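Secondary and tertiary structure notes
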Amino acid sequence: MKFITSMKCLSLGIAAVLLSACGGSKSSAPEVVPAPAPPAPALMSFDVSVSNVTSNQPLSPIAVVLHSDQYSAWSFGNAASAELEVLAESGSPADVISAATGEAVFAASSGADVIPPGMMDTVSLEFEEQANVELTVITMLVNTNDAFSGMQNIDVSGLEVGASMQVNAPIYDAGTEANDELAATIPGPAAGGEGFNAERMDSNVISRHPGVVTSDDNYTESALNESHRFDSHALRITVTRTL
Amino acid sequence: MKLKCLAALPFALAASISNAQNISVEITNLTHGIFFTPILISAHTDGMHLFEVGTSASTELQTMAEGGDISGLVATADAIAAVSAANPAGGLLAPSTSTMAELDTGDNMHLSITAMVLPSNDGFVGLDAWAIPETAGTYTLFLNAYDAGTEANNELILEGSGAPGVAGIPANPGGNGGTAGTGVTSTEANNTVHVHRGNLGDADLAGGTSDLDNRIHRWLNPVAKVVVTVQ
């Protein structure tokens, strides 16, 4: 690709020399040759819609990253990154988005607001066409200590324009905060407690989430009630290629 | 592109001629705080089972589910000429970790997996006679936790209770549970193999009904991810 480009530049250069030589031999005003407009890069764009399918777990504003296979937001069985810890404990996607840089990332953005149970939010991203495109979506279940739901490395390369695909995202435990379910440590509306705390007080590995106990199941100190329980997945992600 | 297709053809032909298949099986413990005891992976013929939901557990399955001892199931598998990998993790498979085994299945085209989940009374993670695809590729399965139906889930940690018929949880490898519980229940409502309802636990480490911690010793299905690669 680079070779072809430089060849083009070379021939353009020769043409310019020839033109100026011609211009010098004529007495009339030099002809204006418009520079050829560079071809507009082909764009591709995706609408990423996330439905909250939980009973009573508002979801923090979604983090959406479209990337190559060289990007990974987390690794099961390993420690969470600092930015994922922030998202999973406080619900803020800002650090995950600002860390999503470099050649591997084509586009990254976050949702405008919290997604209440039963509601949906859509983030649209546009970037120069790529052969291999993967999608990662992450959000926090805010009435928990450090539960996040999401799916990473969803291959969307095969989607035709106008086509869409759907996946359900399981629920993970970031492993960075003990699941004590206390009012002081859960940031969501069920508790209003602390969000991010840099101390790592749990297993410090990412696993599937074990679920919550709640005060209705005899854990009297829990700030949660039976409505905050959840099961196998929290999100339905619908990806539509729009360009 | 055409060249690639042509080059791949001889391998495809070779694969379809032979029945024997080399497969690799990677098992990941997906849970947050539950260990797997020694795992048994067996490739066997159609119609054979290490366990079946809705039927009574064999003594061998009971021994595995209550105490983690797979020797009986290994003998069962050997007796039906299964190809097995016994204890690929070399002991416990900790939460959020993986292990791997390779099998030359021969004519054994069904795959079963069992391992006790710990701490539990008689819970196990299982795969029952999954038909191994003949087409080369990577296949991902998610496994649930089952209850062998052979022991009341009293949730009391008692040394020696891994023996079949002795009520109790033989060990809590994480060491993060309680003691002096009074027992969650003394009966088992379903005496056949069924989907495990989960541990109850409690937040009272020095008493209560359970010796398990309700915030730690829980799980949601699936509890294991299995990636089978057919070569």
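Residues numbered from 1 in each chain as written. Chains lettered and ligands numbered in written order. Predicted model: local features only at pLDDT ≥ 70, side-chain atom pairs only at ≥ 80, totals over all residues. Heavy atoms only, no water.

**Comments concerning the overall build of chain B**
Broken down by element type, chain B carries three helices and 10 strands. For chain B, the α and β elements follow one another from N to C terminus as α-β-β-β-α-α-β-β-β-β-β-β-β. Relative to a compact globule of 231 residues, whose C-alpha radius of gyration would be 17 Å, chain B shows 19 Å and is just as compact. Projected onto its principal axes, the C-alpha coordinates of chain B cover approximately 70 × 35 × 25 Å. Expressed as a percentage of its 231 residues, the buried residues of chain B come to 50%. The long-range fraction of contacts in chain B, counting pairs at least 24 apart against all pairs at least 6 apart in sequence, stands at 76%. Total accessible area computed for chain B in this model is approximately 9,800 Å², and 57% of it derives from carbon and sulfur atoms. (Helix = DSSP H or I, 4+ residues; strand = E, 2+ residues; numbered from the N terminus. Rg over C-alpha atoms; globule rule 2.2 N^0.38 Å. Buried < 20%, exposed > 50% of the residue type's maximum accessible area, 1.4 Å probe, protein only. Contact = heavy atoms within 4.5 Å. Areas by Shrake-Rupley, 256 points an atom, 1.4 Å probe, with all protein chains shown as cover.)

**Overview of the nonpolar core**
If you look at the biggest cluster of nonpolar residues, it comprises 34 residues, and the most contacted ones within it are Phe46(A), Leu135(A), Val156(A) and Ile237(A). At the level of secondary structure, the elements contributing two or more residues to this core comprise strand 1 (43-52), strand 2 (63-67), strand 3 (105-110), strand 4 (120-128), strand 5 (134-140), strand 6 (147-155), strand 7 (164-173) and strand 9 (233-241) of chain A. Sequence-distant contacts of Val156(A), that is, excluding residues within four places in its chain, are made with Phe46(A), Leu66(A), Val133(A), Glu134(A), Leu135(A), Met165(A) and Val239(A). Judged by nonpolar contacts, the second largest core, of 30 residues, contains Ile23(B), Ile41(B), Leu111(B) and Val228(B). (Core = buried A, V, L, I, M, F, W, Y, C linked by side-chain atoms within 4.5 Å.)

**Comments concerning the side chain of His196(B)**
All names here are of chain B. As for its placement among the helices and strands, His196 is situated in the loop between strand 9 (194-195) and strand 10 (224-230). We classify His196 as buried; its relative accessible area is 6%. In this structure the side chain of His196 is engaged in a polar contact, spanning 2.8 Å, whose partner is the backbone nitrogen of Gly198. In contact with His196, not counting residues within four places along its chain, are Gly123, Ala145, Tyr146, Asp147, Asn153 and Trp219. (Polar contact = N/O pair within 3.5 Å; in protein donor to acceptor, adjacent residues only side chain to side chain.)

**Topic: the confidence of the model for chain A**
The predicted model of chain A averages 90 in pLDDT, with 88% of residues at 70 or higher. Counted against residues more than four places away or in other chains, residues 1-26 of chain A, with its pLDDT under 50, gives one contact. (pLDDT = per-residue confidence, 0-100.)

**Some remarks on the pattern of salt bridges**
One side chain can pair with another of opposite charge once the charged atoms of both are near each other. What the rule picks out here adds up to five salt bridges over all chains. In this structure, the salt-bridge partner of Arg229(A) is Glu226(A), at a minimum N-O distance of 3.5 Å. The exposure class assigned to Arg229(A) is partly exposed, which follows from its relative accessible area of 45%. Overall, the relative accessible area of 40% leaves Glu226(A) in the partly exposed class. Between Asp213(B) and Arg215(B) there is a salt bridge, with its nearest N and O atoms 3.0 Å apart. (Salt bridge = Lys/Arg side-chain N within 4 Å of Asp/Glu carboxyl O.)

**A few points about the interface of chain B and chain A**
For an interface, size is often stated in terms of accessible area lost upon the parts coming together. Taken together, the contact pairs 16 residues of chain B with 22 residues of chain A. Taken over both partners, the interface formed by chain B and chain A buries close to 1,500 Å², and the fraction arising from carbon and sulfur atoms is 56%. A per-residue breakdown of the area chain B buries against chain A is headed by His32(B), Arg215(B) and Leu220(B), which together make up 44% of the total. Viewed at the interface, chain A and chain B are joined by zero salt bridges. (Buried area = accessible area lost by both parts, 1.4 Å probe.)

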